[in-house]
Amino acid sequence: MKKIIKIATGDVTPKRRDVLEMQGIPSDKKPSKKVVTLFNGAVEFFREQARPAGIMIGISKPEFENIYYGEALNEKETPLDIIFRKADHLALFALTVGEEVSRKITELFKTHEFALASMLDATASLGVEKAADSIEKLFFNLLTQKGESTPATTIVRYSPGYCGWHISGQKKLFTFLHPEDIGITLLDSYLMKPLKSVSGVLVAGNKKIHMFKDSYPFCTQCTTRSCHTRIKQFAQTRTSNRDD
Ligand code: SF4
């Protein structure tokens, strides 16, 4: 069943420390007054203008296999290709913090207000991440309510454009999910509009299924190595999707 999810802006407004860290200012360094003023301006705009919303739909493995195959442009071997087949449950999702925030970022860059543009860009990016975390938790809670989770159940999201899943996978994902219902459209480039949006698949299963070695050929181009952080979290926690 498709679910449209209302998300409170307050729940996805990032902390100052995280926004500054994203821009290379370490948390143990006192920010200058100018930086604090920029942050306050960016976060005030975000609080007033962000319109976070999400959409999610459960999907079977055969249905997802077709979506994942997409336009036949994926890397030959990918972690998701192995992981989704071992999953207990799958759901497609998309979410956004709304058009106005993305529009303002573009405008600020165009008018060469780079410092404020970068601050708002970092605020919005972290806001999208927080919204995605909340959708993972929601999926976990829905599974728990139906008695379909276990103490080892962990949910991880994967998106087209990352880890070997070609960005053209957005085409079939959009056809199935219809993120247009919450104002997200797909451009010919497969980028989403508003830009500060994310889409993908939520994969629920034993945390062991999400652990893999980052030795795929495309990993040599990866600058984030974000799978390391995830896998480290799994090793440290019993499950990563609980509120407690
Ligand atoms: S190293 Fe980067 S590209 Fe490779 S699996 Fe990890 S996150 Fe994905």
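Coordinates for the structure precede this section.
Residues numbered from 1 in each chain as written. Predicted model: local features only at pLDDT ≥ 70, side-chain atom pairs only at ≥ 80, totals over all residues.

Undergrad: I'm lost on the overall build of the protein chain in this one. Help?
TA: When helices and strands are counted, the protein chain shows 9 helices and 7 strands. For 244 residues, the compact-globule estimate of 2.2 N^0.38 gives 18 Å, and the protein chain sits close to it at 18 Å. Across its three principal directions, the C-alpha atoms of the protein chain cover 50 × 40 × 40 Å. Across the protein chain, the fraction of contacts at a sequence separation of at least 24, relative to all contacts at a separation of at least 6, is 81%. (Helix = DSSP H or I, 4+ residues; strand = E, 2+ residues; numbered from the N terminus. Rg over C-alpha atoms; globule rule 2.2 N^0.38 Å. Contact = placed C-beta atoms within 7 Å.)

Undergrad: Please clarify how the site of the ligand should be interpreted in this entry.
TA: Around the ligand, the surrounding shell consists of P79, C163, D214, Y216, F218, C219, C222, T224, R225, S226 and C227. Classifying every residue of the shell around the ligand by side-chain character gives 7 nonpolar, 2 polar and 2 charged. (Near = placed C-beta within 6 Å. Nonpolar A, V, L, I, M, F, W, Y, C, P; charged D, E, K, R; others polar.)

Undergrad: Just to check I follow, could you spell out the packing of helix α3 (residues 33-49) against helix α6 (residues 99-110) for this structure?
TA: What describes two packed helices is the angle between their axes and the distance between those same axes. One can describe the packing of α3 onto α6 by two numbers: an axis separation of 9 Å at closest approach and a directional angle of 145°. Handedness of the crossing formed by α3 with α6: right-handed. Residues F45, F46 and Q49 of α3 lie in contact with α6, whose contacting residues are E100, V101 and K104. Looking at the contact of α3 with α6 residue by residue, the classes come out as 3 nonpolar, 1 polar and 2 charged. (Axes fitted to C-alpha atoms, helices over the stretch in contact; angles between N-to-C directions. Left-handed = near helix turned anticlockwise from the far one by under 90°.)

Undergrad: For this particular structure, what's the right way to read the environment of A235?
TA: The residue A235 is located in helix α9 (residues 226-236) in this model. Residue class for A235 comes out exposed when judged on the 9 C-beta atoms lying within 10 Å of it. Taking C-alpha positions, A235 is 9.3 Å from K208, a pair spaced 27 residues apart along the chain. (Buried ≥ 20, exposed ≤ 12 C-beta atoms within 10 Å, placed from the backbone.)

Undergrad: What should I look at first to understand the sheet that holds strand β3 (residues 89-96) in this one?
TA: As a general point, the strands of a sheet are linked pairwise by backbone hydrogen bonds and lie either parallel or antiparallel. Pairing is antiparallel in the open sheet, where 5 strands are placed in the order β1-β2-β3-β7-β4. Each edge of the open sheet is held by one strand with a lone partner, namely β1 (2-6) and β4 (153-158). Strand-to-strand twist across the sheet, computed as the mean angle between neighbouring axes with direction ignored, equals 25°. In this structure, β4 lies alongside strand β7 (residues 197-206), joined through 6 bridges in antiparallel fashion. Bridge pairing in β7 links T153 to N206. (Pairing = 2+ DSSP bridges.)

Undergrad: How do you make sense of the environment of K193 when you look at a structure like this?
TA: Here K193 is to be found in strand β6 (residues 192-193). A tally of 16 C-beta atoms within 10 Å means that K193 is categorised as partly exposed.

Undergrad: Explain the packing of α6 against helix α7 (residues 114-145) to me, please; I cannot follow it from the model alone.
TA: Contact geometry for α6 and α7: axes closest at 8 Å, N-to-C directions at 155°. The angle between α6 and α7 falls in the class roughly antiparallel. In the packing of α6 onto α7, the handedness of the crossing is left-handed. Contact residues: V101, K104, I105, L108 and F109 in α6; F114, L116, A117, L120, D121 and A124 in α7. (Parallel < 35°, antiparallel > 145°, perpendicular 65-115°, else oblique.)

Undergrad: What is the right way to read α7 from this model?
TA: In an α-helix there are 3.6 residues to a turn, and that puts residues three or four apart on one side. Here α7 contains 32 residues, and its C-alpha end-to-end distance of 46 Å stays within 8% of the 46 Å for a straight helix at 1.5 Å per residue. Looking at the residues trailing α7, positive phi occurs at G147, about 70°. (Expected span 1.5 Å × (residues − 1).)

Undergrad: Mind showing me how you'd approach helix α5 (residues 79-86) here?
TA: Here α5 has its buried residues at P79, L80 and F84. All buried residues of α5 lie within an arc of 110° about the axis, which places them on one face of the element. (Arc of directions from axis to C-beta.)

Undergrad: Even after reading the chapter, I still don't get the nonpolar core, so can you show me in this structure?
TA: Ranked by size, the top nonpolar core spans 61 residues in total, and within it L90, F93, L95, L120, F139, L202 and V203 carry the most contacts. Ranked by residues supplied to this core, first place goes to α7 with 14 residues. Those residues in contact with L202 that sit more than four places away from it in its chain are L90, A91, F93, E136, F139, I155 and R157. (Core = buried A, V, L, I, M, F, W, Y, C linked by C-beta atoms within 7 Å.)

Undergrad: What is the right way to look at unusual backbone geometry in this model?
TA: Negative phi characterises most residues that are not glycine, and trans characterises most peptide bonds. Residue P194 is reached from K193 by a cis peptide bond, and omega for that bond is 0°. Its place among the elements puts P194 in the loop between β6 and β7. A positive phi is found at A72, a non-glycine position, where the angle reads about 60°. Its place among the elements puts A72 in the loop between α4 (61-69) and α5. One non-glycine residue with positive phi stands out, namely R225, at about 50°. Inspection of the secondary structure assignment puts R225 in the loop between β7 and α9. Taking the number of C-beta atoms within 10 Å as the measure of exposure, R225 has 9 and is therefore exposed.

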